[in-house]
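Report on the structure
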Amino acid sequence: VQLVESGGGLVQPGGSLRLSCAASGFTFSSYAMSWYRQAPGKERELVAAITSAVGITNYANSVKGRFTISRDNAKNTVYLQMNSLKPEDTAMYYCNFSTRRGYTYWGQGTQVTVSS
């Protein structure tokens, strides 16, 4: 199983980034996927999640209306479109999923820095 995030970088406040998480080694379409983030000195927090087949989404209150999670099951990839970025969005962003037996897989993360 492998999850590889990409798309992070340095962006000015108000800017946009699209993160990608390429998955391999499991049946991607069968699992809900999530994005988490962790800022220095803070706990890792759930940002957004999307179910497997129907693609129902949910978001942290802090990102509602600004971030959009989506998935392409043909490409085994989950995305996080981030608009109207704020300095408080600065964090390492991770994608993950959990198996039916309760094991959670994480990617290595991609850094997002929002600063002028």
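Provided above is the structure to which this section pertains.
This report concerns the structure included in the present document. On a predicted model such as this, the values are computed, not experimentally measured, just so you know.

For the rest of this paragraph, the subject is the overall build of the protein chain. What the protein chain contains, in helices and strands, is zero helices and 11 strands. Across the protein chain, helices and strands are ordered from the amino to the carboxyl terminus as β-β-β-β-β-β-β-β-β-β-β. Relative to the 2.2 N^0.38 estimate, which gives 13 Å for 116 residues, the radius of gyration of the protein chain is 13 Å and therefore close to what a compact globule would have. Across the 116 residues that make up the protein chain, the buried fraction comes to 39%. Partitioning the intrachain contacts of the protein chain with sequence separation of at least 6 by distance along the chain shows that 52% fall at a separation of at least 24. As displayed, the protein chain offers around 6200 Å² of accessible surface, 47% of which is attributable to carbon and sulfur atoms. The averaged location of the 6 negative side-chain charges in the protein chain is 6 Å from the averaged location of its 11 positive side-chain charges.

Moving on: the state of the cysteines. Between two cysteines, a covalent bond joining their sulfur atoms is known as a disulfide. Taken as a whole and judged by the stated rule, the model has one disulfide. What pairs with C21 in a disulfide is C95, and their sulfur atoms sit 1.9 Å apart. Classification of the bridge connecting C21 and C95 rests on its S-S torsion, roughly 45 degrees, and on that basis the disulfide is right-handed. Taken together, the residues span a long stretch of sequence, with C21 in strand 3 (residues 17-24) and C95 in strand 9 (residues 91-98) at a distance of 74 residues. What makes C95 buried here is its relative accessible area of 0%.

Trans is the prevailing form of peptide bonds, just as negative phi is the prevailing case for residues other than glycine. Positive phi, close to 50 degrees, is recorded for N76, a residue that is not glycine. Unusually for a residue other than glycine, S84 sits at a positive phi of about 50 degrees. Along the chain, S84 turns up in the loop between strand 8 (77-82) and strand 9. A relative accessible area of 42% places S84 in the partly exposed class.

Now for the packing of aromatic side chains. Counting across every chain of the model gives eight aromatic pairs. Relative to Y31, the ring of F26 lies with its centre 5.8 Å away and its plane at 70 degrees, an arrangement referred to as edge-to-face. Judged by its relative accessible area of 15%, F26 falls in the buried class. Residue Y31 is classed as buried on the basis of its relative accessible area, which comes to 16%. Aromatic ring contacts, followed pair by pair, group F26, F28, Y31, F97, Y103 and Y105 into a single cluster.

Our focus in this paragraph is the environment of T51. With respect to the helices, strands and loops of the structure, T51 is situated in the loop between strand 5 (45-50) and strand 6 (57-59). By relative accessible area, which is 30% here, T51 ends up partly exposed. Through-space distance from the C-alpha of T51 to that of S29 is 9.2 Å; in sequence the pair is 22 residues apart. The contact partners of T51, leaving out residues within four places of it in the chain, are A32, I56 and R71. A polar atom in the side chain of T51 sits 2.7 Å from the backbone nitrogen of I56.

Calculation notes
- Residues numbered from 1 in each chain as written.
- Predicted model: local features only at pLDDT ≥ 70, side-chain atom pairs only at ≥ 80, totals over all residues.
- Heavy atoms only, no water.
- Helix = DSSP H or I, 4+ residues; strand = E, 2+ residues; numbered from the N terminus.
- Rg over C-alpha atoms; globule rule 2.2 N^0.38 Å.
- Buried < 20%, exposed > 50% of the residue type's maximum accessible area, 1.4 Å probe, protein only.
- Contact = heavy atoms within 4.5 Å.
- Areas by Shrake-Rupley, 256 points an atom, 1.4 Å probe, with all protein chains shown as cover.
- Lys, Arg positive; Asp, Glu negative; His and termini not counted.
- Charge placed at Lys NZ, Arg CZ, Asp CG, Glu CD.
- Disulfide = S-S within 2.5 Å.
- Phe/Tyr/Trp six-rings, centres within 6.5 Å; stacked < 30°, edge-to-face > 60°.
- Polar contact = N/O pair within 3.5 Å; in protein donor to acceptor, adjacent residues only side chain to side chain.

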